[in-house]
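Below are the chains, spelled out letter by letter.
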Amino acid sequence: MAVLAIVGAAWALSGGCGLLARPFASSLSWCALAVACAAVHPKRTARRRSWAVFGLGLLVALLALSSNNDVVRLAGLALFAAAASIDNPGSFRCRMLRITAQAVAVLALYRFSLASIPLVWHLSDLVGSLLGRAASVFSGPLSVGATFAGLDHLVLMAALIAGWAIELQRPRLRAVLLAVSAVVVGQMVYLLCLSLAMDLGRLLPAPLVPPTPDPYVPPDWVWSGAVRAWLPWNVPVVAVLWHLGVVAAMLRWAVYRPAEPPAGDTQDIENALWKTWAPLAAAALLPVVGLLSFGANGLDKKTVLAYDPGNLDWNVPVHGRYGADSSGQFGMLPAFVASLGGQLERSSDLTQEELDGADLLLVIQPSRPWPEDVLARVQDYVRQGGSLLVAAGPYLQDASSASSHNALLEPLAIPVRYDTTVSQTEAWRNSVQTAAHPATTGLDDNRDRFGMALAAPIDLPWSASPLLVGRWGWSDPGSDFLLTQRTRWDPGERLGDLVLAGQRRVGRGTVIVLGDSVCLTNQGNVRTSRFTARLLSCLANKASSPLAWWRQLVTLTLAGILIAFWTGSISTEMLAASLLAFLLGCVSTESLTNRLAEVFPDGNSTTPNCLAYIDASHLGAYSESPWLSDGIDGLALTLMRDGYLVQLADDLSEARLRRAGLLVSIAPARSFSPGERRRVKQFAEDGGALVVMAGAVQGRKANELLGPFGLRVPAAYHRPGSTEPDSKPLGCLFRPYPDYEKSLAPVLLHAGWTMDLQHRNHEVKSILSTQVEGQAVGEPIVAYAAAGQGLVVAIADTGFAWNETLETPDGGTLSGGRHNACFWRWLVGQLPGREPWSPPPYDWEARRFKADTPRQTSEEAQP
């Protein structure tokens, strides 16, 4: 039971069970650990040492399972199995657990090699493709890579059978052949089911679709609909169940050799020392060689030359234009490059003089024919040591232009296919395999941090390295999906392991190709700025990475040595120790690389500071999905219209905050650590602006930031017996600002609440209140407090800056006017160092801004 639980958990973590969200896979692994603990925990009469080792292994495994790194999680699982087998090494139970630990360790090393050694990735992709072709002989066409071919199944089973065979009593050839044959048959049955998955789905009874009731009621659960949703993404469970049955049969009906007595004092000392220190050294060095990189220090005094064929949109968001189409495409990119210390220049000719002065050549979605002389100059530039970044995208064509990126990339041997990748999850969340590169190490795929939602797959030659690989998706021919947003996977289309970004050395230079350009756009860079900054910095500074050929060679050698030791006669204690060294090395090296490769934009280079962050590290009450009703795209565009460079903050580190001018927090649900509270307080006192939005229901964690400045959102309810007043709900309503005079403009509250101002020697003032005409004092809804040289603004409304309140994709609003857009423009003008702006006169009877004011455009005046 313990072996089956551990092996099943390993496949759940590595992707062997198909598409599983990472939290769900971790939950399954915790359940498997509980089963294993119940089955193999030390007896009550066991020594304290046995309990201590078992407890330590369990603790390390639980901590490892909380990581986002699959290699770390697998290594923790293997360490637990090894720790559980130390109690009595000669017993059958401990021998089987040791074999399991070795097999899971080999799987962890395989997953590590996929990210660090491009040769291993290419070989795995080739083997997966061959397995798919073999299955096509018996069914329809099947084009897969290593993920859907089930190489995780085969690697673990191969290691498990090898260790199991050593424990068998001679003769053992027949048992080994039976086990291998069962694995091969099971894998082919699985691939046959995968190729026929869509045909099997059509055989399921179609669920009845009742008319939509009013109000809406969720439909009943139907088993056929649930099974159809699993196809083909969770078909690998078929292989998992088959292989677990094979493992159970192997353990149950095999004849094992008797246990060998423990080695005596006559053991060779030199051999013992070799077997002790060599695996530890290899396990500790492997992550350093295969992962560690130092990144680059921004774009200080670097020149990024952008090829401008004449039809790229370099516009920036401006007041008077609203909606998704008003954002422009690449207009904020020069400001982003400037915040990193560099300079972006545009050229339509790419003269030799311009190329000689460029540290990085940027080509974004070229759609015009390439002049032969320009192509020749670009290729010479790269071969002589230049850096080239091509943001390609799916192939597009109209009457006057067509995508021409392959005219540049084919001579460089890294072309883009005329397909469109389709992710089964939104924006490849929990679906991206990253390479060991300073631009990607430490960035997880829990959220959209790479901007490859609609990428074109890249044909990667053996001499190139994958940087981003989409595991759970498929390649749809052509670019129709961009227009229709409707597609499905058909047998024969590439399933899984799609290269979304790749790198290749050409001469002395480097070429990186992105399958999509969203990470460089005005809206996309809000989410992907960390990846984009690292990528530009690494290319402009020609930073080294673990993908260098000599480091790949050393990594491959160390991995081979480690496999030899882990599957050899190494003691169980040294197996556990080397796994611990490997695990700690992966964690520490990834953390160090992430810290060294981090590039922080600096807003202090401009006056006033125009760098704005939206807190994305404390479970804010908003959606990061583009243009949902509770999203923040409208807020980002609103701040851009006032000159801000807007980004999401995945942490509130001191290095990030001291370079920023504005921090926005929207109803955080996670507590702020004492260090974060101290840093945010110092940020405001040093001249930064802090804006916190939270209603009474979500305001408890927001008060951790507001409290030191005399601002507070009372709770919507208290425990019985509490004397604290409850906040009053105001609902959705219009209120004028900054007082009730009718000549001023109103703002629309999404779901407002009243606040509590605790002065306590703070300069606190209400901006928006419940005050009405004839009333002396009202309860505050929006207030601010002076904080040293900065300002803190509290808004008692969680949805105040959501898209539905501020700006929808088509440019509309919940109120039918630009009330909140004007309010944000006025509010930004009140921040330290900003130019004040007053809203135009408002006609309260007509519920619209007066059009005869010179301070607004005609578009702003329309509701």
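Just so we're clear, the structure is a prediction, and the values are computed from it rather than from any experiment.

The next thing to look at is the overall build of the protein. From N to C terminus, the protein includes 28 helices and 23 strands. The globule rule puts the C-alpha radius of gyration for 863 residues at 29 Å, and the 30 Å found for the protein is close to it. Each principal axis of the C-alpha atoms in the protein carries an extent, and together these give about 100 × 80 × 60 Å. Counting only residues that meet the buried cut, the protein has 57% of its 863 residues in that class. Partitioning the contacts of the protein with sequence separation of at least 6, the portion at a separation of at least 24 is 75%. Entry remark: accessible area of the protein is about 36,100 Å², with carbon and sulfur atoms responsible for 58%.

So, about a negative patch on the surface. Taken together, E345, D349, E353, E354 and D356 make up a surface patch of like negative charges. Secondary-structure assignment places E354 in helix α15 (residues 352–356). With relative accessibility at 32%, the residue E354 sits in the partly exposed group.

A few words on the nonpolar core. One finds W11, L194, L361, L388, I414 and F582 to be the most contacted residues of the largest nonpolar core, which totals 139 residues. Beyond its immediate chain neighbours, meaning those up to four positions away, F582 contacts V71, A75, L109, F112, A283, L286, P287 and W566. With 120 residues, the next largest nonpolar core counts V432, A533, L652 and A667 among its residues.

Next up on the list: the sheet that holds strand β6 (residues 432–434). The 8 strands are arranged β2-β1-β3-β4-β10-β9-β7-β6 in an open sheet whose pairing can be described as mixed. Each edge of the open sheet carries a strand with a single partner, namely β2 (343–347) and β6. Here the average twist between neighbouring strands, direction ignored, is 20°. Each of β6, β7 (464–470) and β9 (498–506) touches helix α6 (residues 118–136); the most contacted strand, β7, lies at about 65° to it.

To continue, consider the pattern of salt bridges. For the structure on display, the rule yields 28 salt bridges. Here the salt bridges share partners, and the residues they tie into one network are R447, R449, R530, R534, E598, E624 and D650.

We now examine the packing of helix α5 (residues 92–116) against α6. In contact at an axis separation of 5 Å, α5 and α6 are set at 110° when each is read in the N-to-C sense. On the basis of the axis angle, α5 is roughly perpendicular to α6. Residues Y110, S113, L114 and S116 of α5 pack against P118, V120, W121 and S124 of α6. In terms of residue class, the contact of α5 with α6 is made up of 5 nonpolar, 3 polar and no charged.

Here the focus is the packing of helix α1 (residues 2–14) against helix α4 (residues 70–84). Direction vectors running N to C along α1 and α4 enclose 170°, while the axes themselves pass 9 Å from each other. As summarised for this structure, α1 and α4 are arranged roughly antiparallel, according to the angle between their axes. Between α1, through I6, A9, A10, L13 and S14, and α4, the contact on the second element is made entirely by D70, R73, L74, L77, F80 and A81. Residues that form the contact of α1 with α4 fall into these classes: 8 nonpolar, 1 polar and 2 charged.

Sheet strands pair via backbone hydrogen bonds, and the direction of the pair is either parallel or antiparallel. Spatial ordering of the open sheet is given by β12-β11-β13-β14-β21-β20-β19, a layout of 7 strands whose pairing is mixed. The open sheet has two free edges, formed respectively by β12 (645–649) and β19 (764–769), since each of these has just one partner strand. Each neighbouring strand pair of the sheet contributes to a mean axis angle of 20°, computed without reference to strand direction. Bridging between strand β13 (residues 662–666) and strand β14 (residues 689–693) involves 5 bridges; their strand directions are parallel. Paired with L662 across the bridge in β14 is A689. Of the strands in this sheet, β14, β19, β20 (780–787) and β21 (790–795) are in contact with helix α27 (residues 819–830), which crosses β19 at around 170°.

Residue P171 follows R170 across a cis peptide bond; omega there is -5°. Secondary-structure assignment places P171 in the loop between α8 (151–166) and α9 (173–195). Here T607 and P608 are connected by a cis peptide whose omega angle stands at 0°. Backbone geometry at L350 places phi at a positive 50°, although glycine is not the residue there. Exposure remark for L350: the relative accessible area of 0% places this residue in the buried category.

What counts, and at which threshold
Residues numbered from 1 in each chain as written. Predicted model: local features only at pLDDT ≥ 70, side-chain atom pairs only at ≥ 80, totals over all residues. Heavy atoms only, no water. Helix = DSSP H or I, 4+ residues; strand = E, 2+ residues; numbered from the N terminus. Rg over C-alpha atoms; globule rule 2.2 N^0.38 Å. Buried < 20%, exposed > 50% of the residue type's maximum accessible area, 1.4 Å probe, protein only. Contact = heavy atoms within 4.5 Å. Areas by Shrake-Rupley, 256 points an atom, 1.4 Å probe, with all protein chains shown as cover. Patch = residues over 30% accessible without salt bridge, like charges linked within 9 Å, V, L, I, M, F, W, Y side chains within 5 Å. Salt bridge = Lys/Arg side-chain N within 4 Å of Asp/Glu carboxyl O. Lys, Arg positive; Asp, Glu negative; His and termini not counted. Charge placed at Lys NZ, Arg CZ, Asp CG, Glu CD. Core = buried A, V, L, I, M, F, W, Y, C linked by side-chain atoms within 4.5 Å. Pairing = 2+ DSSP bridges. Axes fitted to C-alpha atoms, helices over the stretch in contact; angles between N-to-C directions. Parallel < 35°, antiparallel > 145°, perpendicular 65-115°, else oblique. Nonpolar A, V, L, I, M, F, W, Y, C, P; charged D, E, K, R; others polar.

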